[in-house]
There are 2 protein chains.
Amino acid sequence: MKRHAHIVFLALMACGYPWASTSAQSPQRPNIILVFLDNFGWGEPGFNGGGIIRGAATPNMDRLASEGLCLKNFNVEVQCTPSRSAIMTGRYAIRSGNGTVPLGEGVYGLVQWEVTMAEMLSEAGYATAMYGKWHLGRTPGRFPTDQGFDEWFGVPNSTDESTYSSLPGFAESGLSETFVMDGKKGSVPEKVRPYRLDYRPLIDRELTNRALSFIEKNAEAETPFFIYLPYTATHFPTRPHPDFAGKSGKGEWADLLMQIDSYLGELMAALKKAGVDENTLVIFTADNGPEALSPGETSLTVETAMHGSAGPWRASLFTGYEGALRVPFAARWPAAIKAGGVSDEIVHAMDLYPTLAALAGGKVPQDRVIDGIDMSEFFLGKKENSGRDGFIVYMGKDVFGVKWRNWKLHFKEQTGWNGVLQVYTMPRCYNLLTDPQEVDNVFFPHTWVAKAALPQLEEHVASLKAHPPIPTGQKDPYVPPAALEE
Amino acid sequence: MKRHAHIVFLALMACGYPWASTSAQSPQRPNIILVFLDNFGWGEPGFNGGGIIRGAATPNMDRLASEGLCLKNFNVEVQCTPSRSAIMTGRYAIRSGNGTVPLGEGVYGLVQWEVTMAEMLSEAGYATAMYGKWHLGRTPGRFPTDQGFDEWFGVPNSTDESTYSSLPGFAESGLSETFVMDGKKGSVPEKVRPYRLDYRPLIDRELTNRALSFIEKNAEAETPFFIYLPYTATHFPTRPHPDFAGKSGKGEWADLLMQIDSYLGELMAALKKAGVDENTLVIFTADNGPEALSPGETSLTVETAMHGSAGPWRASLFTGYEGALRVPFAARWPAAIKAGGVSDEIVHAMDLYPTLAALAGGKVPQDRVIDGIDMSEFFLGKKENSGRDGFIVYMGKDVFGVKWRNWKLHFKEQTGWNGVLQVYTMPRCYNLLTDPQEVDNVFFPHTWVAKAALPQLEEHVASLKAHPPIPTGQKDPYVPPAALEE
């Protein structure tokens, strides 16, 4: 509890501090590529015991991990939109009104008041680009190019929408299709083409092509760059690119593993060719756990095959279990991050915002709560501890539980990703080291864990009261109410 | 089906053939150390994505894997005694009357008629030793020193028996305790001390010490040696050695991981020091999947904490699921096995018998069915395929299903290791590549898998009819009936 309070204090103090200048040994600020896969479970890459057992070796992912820092306990929010909200803002998604994926047609996403990672890095002098899936707004004023990205090519919403035009009933619904969009900062992105099943297999190739060009262009201009690369391929419907369809001989999922790994290899080769390999920080991670089934569930259709793997962790995306929360993570930056690092320290997607700010000389906003912790010293190997003891586990807008060190305190239970969410009459307690499947409730005799874990929830709840969350569906402009006493 | 039949044919033809002489490039026959852990899940070692997330890094296990051949699809029988029977004989345990762990006090284990791996290697000129847990007989004539080992130090039965003397009621039961035993070929092993909780944490240290001495002695004498090292530590009750208790700071299981990994390091260092590192084949594997819980089960007592991990695979020991069948496997032999090999080819514990025979110049008996396949060329990297397409999955004496390539055909379902075994009205089919948790029955449309997988079961059943299994509890002497027409 003490430690936690201390960390929050440090995190707030660090806001906007020009870290780069405080550390004489700090290298030049890096180019940054954030590869962000969709619904990609902890158990997929070879570096987490996957690869070949998933149908295809993943040499480039594995190389990224072995030549950099591999985090075994990197956590995200458990749904797509919340996770993307948290990584872009450094804040719990609930604060930004993005606790769940949007299902209706209402306004959603990030209000203009939020300062995204792209805005922060742009302000710090980075050329910024995003290629891929946004899922944080689909209306003018809420596109990536409205939120700090110099350019964007991709889709505003989710990938399942690529099936819409092929489904009976949709054409007569009066609903509009999703479009592939292309835009530059300062103008409304253009609709390039409808996002349909014909383009579904091809899009990630185009995302890669554009990333390759952006690397080349900015390396030549010696402009520091930030590429946010939220690939779409690993989300259903599973449709490998023709270059990879059938290539693994082990099914479409394995083809996709090869495809993504190969694209990663292309990016790394391009960095080398452009002479910026040494000073580029490549982060490889994902938005949430896999599409996978829990016992009793069955695949809905062939299109939603639910064929991912969370490795040893329980369940899938859209649950409060580790299978949703923990995703693969590797960060390679030869000039500054030592090769071969492996850590089980708790890190959350929200932490990337202040961490990248520190590494890139960016300013973290001081007029709002930033839940992320600056872990730059941990990433650079100057500290063994990440500084984070735990976090609140949300399942949508519900507090599912609290993670604290190797323990989880659950208030709720889920039968599966699309199953029933039930409330326990008494919290249950799980030891993740000895029980990665979170099945063995050891609340007795470990009631002490509640004492250690609950203060962070109390602090979080108090902070939400003092700084009320932005309402879901909030339209712009948004003006935050004055902070109440925390 | 064709391929399978061909393999069986080859396996039978290979019996006793002096392989060493057929391959001019073959290296000198190796010393062999078979490290065989107890109830050690696929997900434990770092090389399978475990290690640090299990509480302790496993650098020596990982080194063994990276400097040798790492098999991701190495399979065993799902219980202790059956697995040990299969590895020692190269035959399905059901053939030897060892389909289940013995629970009563009747005669059990291997009849003298069986020719164990130790007898085969002894015959080929190897000095043979076993240090550890046997579980294949506890009566004179059935100890390891009656079955080919020059010497043995360890326990005849299972490790839970170390708790007996501390349990209420046992003292008055009239039952005898298990003893730690020490013996040489040609005499009845001596009872060294009762196997109680005071010695439980210490025994694996002594097993290691004896293995170190055996390495040194035989390396000096230039005698090829075989050490079978079935460690006991990872079976419940979890009791790390005082040298390791508390050392990890992550609980007793993590302490044990450190302990076993450290002993492995000692063995490897001893090989180097004795100058036989290059030409020693060290195999690291386990008897069956972990002690772990399935949803709905709870730990029985603190002593049986059920805290293992099968990694991505379903369930635990004593089930027909992959979590029981797949165990970690690494084989290092610098003189002959290329470093860095990783394979998902199906290999079964039974295959080690003919494979080691081929590598060591031993003779495989020709007067009985050997279910194992000689995979020496696969191990040596001369072939990419193991030659095995699948095997029969037994849960005790029940045929639970059939594994064929990346598919499983299940006839039964289990709620957990100590739960209910139920019979399906129609087989279910699982795709292990896309569904490692074996939850998504895809029998339709994959009925073709039954056509591909069932011939091996039909052949197996025909073979059991032609060569009736040795009855469980069979006393010596055993004389096999004449083979019927297969």
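Conventions adopted
- The residue count restarts for each chain, going from 1 along the sequence in the order it is written.
- Just so you know, chain letters begin at A and ligand numbers begin at 1, following the order they were written in.
- Side-chain atom pairs in this predicted model are given and counted only at pLDDT of 80 or more, local residue features only at pLDDT of at least 70, and totals for whole chains, interfaces and linings cover all residues.
- Pairing between strands is defined by DSSP: at least two bridges between the two strands are required.
- A helix here means a DSSP run of H or I that spans at least four residues, while a strand means a run of E at least two residues long, and both kinds are numbered starting from the N terminus.
- Every axis in this analysis is a line fitted to C-alpha atoms, fitted for helices over the stretch in contact. Angles between the N-to-C directions lie between 0 and 180 degrees.
- Note on contacts: each residue gets a C-beta atom placed from the backbone, and two residues are in contact if those atoms are within 7 Å.
- Least-squares superposition of the copies uses the C-alpha atoms of those residues scoring a pLDDT of at least 70 in each of them.
- Exposure in this text rests on C-beta crowding, where 20 or more other C-beta atoms within 10 Å of a residue's own make it buried, 12 or fewer make it exposed, and counts in between make it partly exposed. The C-beta atoms are placed from the backbone.
- Segmentation of the chain into domains, including their bounds, is taken from an automatic or database domain assignment.
- In this count, Pro and Cys sit with the nonpolar residues alongside Ala, Val, Leu, Ile, Met, Phe, Trp and Tyr, while Asp, Glu, Lys and Arg are called charged and the others, Gly among them, polar.
- Within this analysis, the arc is defined by the directions that extend from the helix axis to the C-beta atoms.
- Under this scheme an angle from 65 to 115 degrees is roughly perpendicular, one under 35 degrees roughly parallel, and one over 145 degrees roughly antiparallel; angles in between are oblique.

K.L.:
Where do I start with the sheet that holds strand S13 (residues 390-395) of chain B in this structure?
P.N.:
Residue and element names in this part refer to chain B. Taking strand neighbours across the sheet as the criterion, the four strands line up as S13-S14-S15-S16 in an open arrangement whose pairing is antiparallel. The open sheet has two edge strands, S13 and strand S16 (421-431), and neither has a second partner. In this sheet, neighbouring strand axes are inclined to one another by 25 degrees on average, regardless of whether the strands run parallel or antiparallel. Bridge count for S13 against strand S14 (residues 398-404) is six bridges, and the pairing is antiparallel. Paired with Val 393 across the strands is Gly 401, a residue of S14. Those strands touched by helix H11 (residues 448-466) are S13, S14, strand S15 (407-414) and S16, and its axis lies near 130 degrees from that of S14.

K.L.:
Got a minute to help me understand the relation of the copies chain A and chain B in this structure?
P.N.:
Applying a rotation about an axis and a shift along it to one chain copy brings it onto the other copy. Note on the identical chains: chain A maps onto chain B by a rotation of 180 degrees and an axial translation of 0.0 Å, with an RMSD of 0.0 Å. Taken together, the rotation and translation relating the two chain copies correspond to the operation of a two-fold axis. Most of the interface of chain A is mirrored in chain B, where 100% of its interface residues again form contacts.

K.L.:
What is the right way to read unusual backbone geometry from this model?
P.N.:
Peptide bonds are, in most cases, trans, and in most cases residues other than glycine have a negative phi. Cis geometry is found at the peptide bond from Phe 236 of chain B to Pro 237 of chain B, where omega equals -5 degrees. Relative to the assigned elements, Pro 237 of chain B resides in the loop between strand S8 (225-229) and helix H7 (252-273). For the bond from Asp 476 of chain B to Pro 477 of chain B, the omega torsion is -10 degrees, close enough to zero to count as cis. Turning to its location among the elements, Pro 477 of chain B is positioned in the segment after H11. One non-glycine residue with positive phi stands out, namely Glu 222 of chain A, at about 55 degrees. Checked against the element boundaries, Glu 222 of chain A lands in the loop between helix H6 (203-221) and strand S8 (225-229). Under the C-beta neighbour-count criterion, Glu 222 of chain A is labelled exposed, with 8 such atoms within 10 Å. The phi torsion at Ala 315 of chain A lies on the positive side, around 65 degrees, for a residue other than glycine.

K.L.:
For this particular structure, what's the right way to read the sheet that holds strand S6 (residues 179-184) of chain B?
P.N.:
Sheet strands pair by backbone hydrogen bonding; their relative direction is either parallel or antiparallel. Residues and elements named next belong to chain B. As summarised here, the arrangement of the ten strands in space is S7-S6-S5-S4-S8-S1-S9-S10-S2-S11, forming an open sheet in which the pairing is mixed. The two strands at the open ends of the sheet, each matched to only one other strand, are strand S7 (190-194) and strand S11 (341-343). Ignoring which end each strand starts from, the neighbouring axes of this sheet average 10 degrees apart. Pairing between strand S4 (residues 127-133) and strand S5 (residues 151-155): five bridges, direction parallel. In the strand pairing of S5, Ala 129 is matched with Glu 151.

K.L.:
Explanation requested: the domain arrangement of chain A in the structure shown.
P.N.:
How big an interface is tends to be stated in terms of the accessible area lost upon association of its parts. All names here are of chain A. For chain A, the domain assignment lists domain 1 (2-389) and domain 2 (391-466). Summarising the inter-unit geometry, the C-alpha centres of domain 1 and domain 2 are found 26 Å apart. With 31 residues of domain 1 at the interface, the matching set in domain 2 holds 27 residues. Mapped by element, the contributors of at least two residues to the side of domain 1 that touches domain 2 are helix H1 (2-13) and helix H8 (322-325). Taken together, the residues of the side of domain 1 that touches domain 2 break down into 14 nonpolar, eleven polar and six charged.

K.L.:
In this structure, what is going on with the pairing of strand S6 (residues 179-184) of chain A? I would like to understand it.
P.N.:
Regular strands show a simple pattern: their side chains alternate between the two faces of the sheet. Residues and elements named next belong to chain A. Pairing of strand S5 (residues 151-155) with S6, which is carried by four bridges, proceeds in the antiparallel orientation. Bridge assignment links Gly 154 to a residue of S6, and that residue is Met 181. The sheet contact formed by S6 and strand S7 (residues 190-194) spans four bridges and is antiparallel. Note on S7: the bridge partner recorded for Met 181 is Lys 191. The loop that links S6 with its antiparallel partner S7 comprises five residues; one of these, Gly 186, has a positive phi angle of about 95 degrees.

K.L.:
It is not clear to me how the pairing of S14 of chain B should be interpreted in this structure. Could you clarify?
P.N.:
All names here are of chain B. With five of seven residues buried, S14 lies mostly within the body of the structure. Counting the residues between successive antiparallel strands, the hairpin from S13 to S14 contains two residues, one of them, Gly 396, with a positive phi of roughly 65 degrees. When S14 meets S15, the two strands line up antiparallel, connected through four bridges. Across the sheet, the residue bridging to Gly 401 is His 410, located in S15. Here S14 folds back onto S15, and the loop between the two strands holds two residues, one of which, Arg 405, carries a positive phi near 45 degrees.

K.L.:
Help me understand helix H3 (residues 59-66) of chain B, please; the structure alone is not making it clear to me.
P.N.:
Given 3.6 residues per helical turn, the α-helix brings residues three or four places apart onto the same face. Residues and elements named next belong to chain B. Every buried residue of H3 is listed here: Asn 60, Met 61, Leu 64 and Ala 65. Buried residues of H3, seen end-on, are gathered within an arc of 140 degrees and therefore sit on one face of the element. Buried-residue contacts for H3 involve strand S2 (69-71), H7, strand S9 (280-286) and strand S10 (330-332).

K.L.:
For this particular structure, what's the right way to read the packing of H6 of chain A against helix H7 (residues 252-273) of chain A?
P.N.:
The packing of two helices is summarised by the inter-axis angle and the distance between the axes. Residue and element names in this part refer to chain A. In contact at an axis separation of 10 Å, H6 and H7 are set at 10 degrees when each is read in the N-to-C sense. One element, H6, and the other, H7, form an angle in the roughly parallel class. Where H6 abuts H7, its residues Asp 204, Thr 208, Ala 211, Leu 212, Ile 215 and Glu 216 lie against Tyr 263, Glu 266, Leu 267, Ala 270 and Leu 271. Tallied by class, the residues present in the contact of H6 with H7 amount to seven nonpolar, one polar and three charged.

K.L.:
Please explain the interface of chain A and chain B as it appears in this structure.
P.N.:
Facing 34 residues of chain A, the contacting portion of chain B comprises 34 residues. Looking at side-chain class alone, the side of chain A that touches chain B contains 14 nonpolar, 13 polar and seven charged residues.

K.L.:
Looking at this model, I keep getting lost on helix H9 (residues 352-360) of chain A. Mind explaining?
P.N.:
Residue and element names in this part refer to chain A. Judged by how many residues are buried, H9 sits mostly within the fold: nine of nine residues are covered. Buried within H9 are the following residues: Leu 352, Tyr 353, Pro 354, Thr 355, Leu 356, Ala 357, Ala 358, Leu 359 and Ala 360. Gly 361 lies just past H9 and shows a positive phi near 70 degrees.

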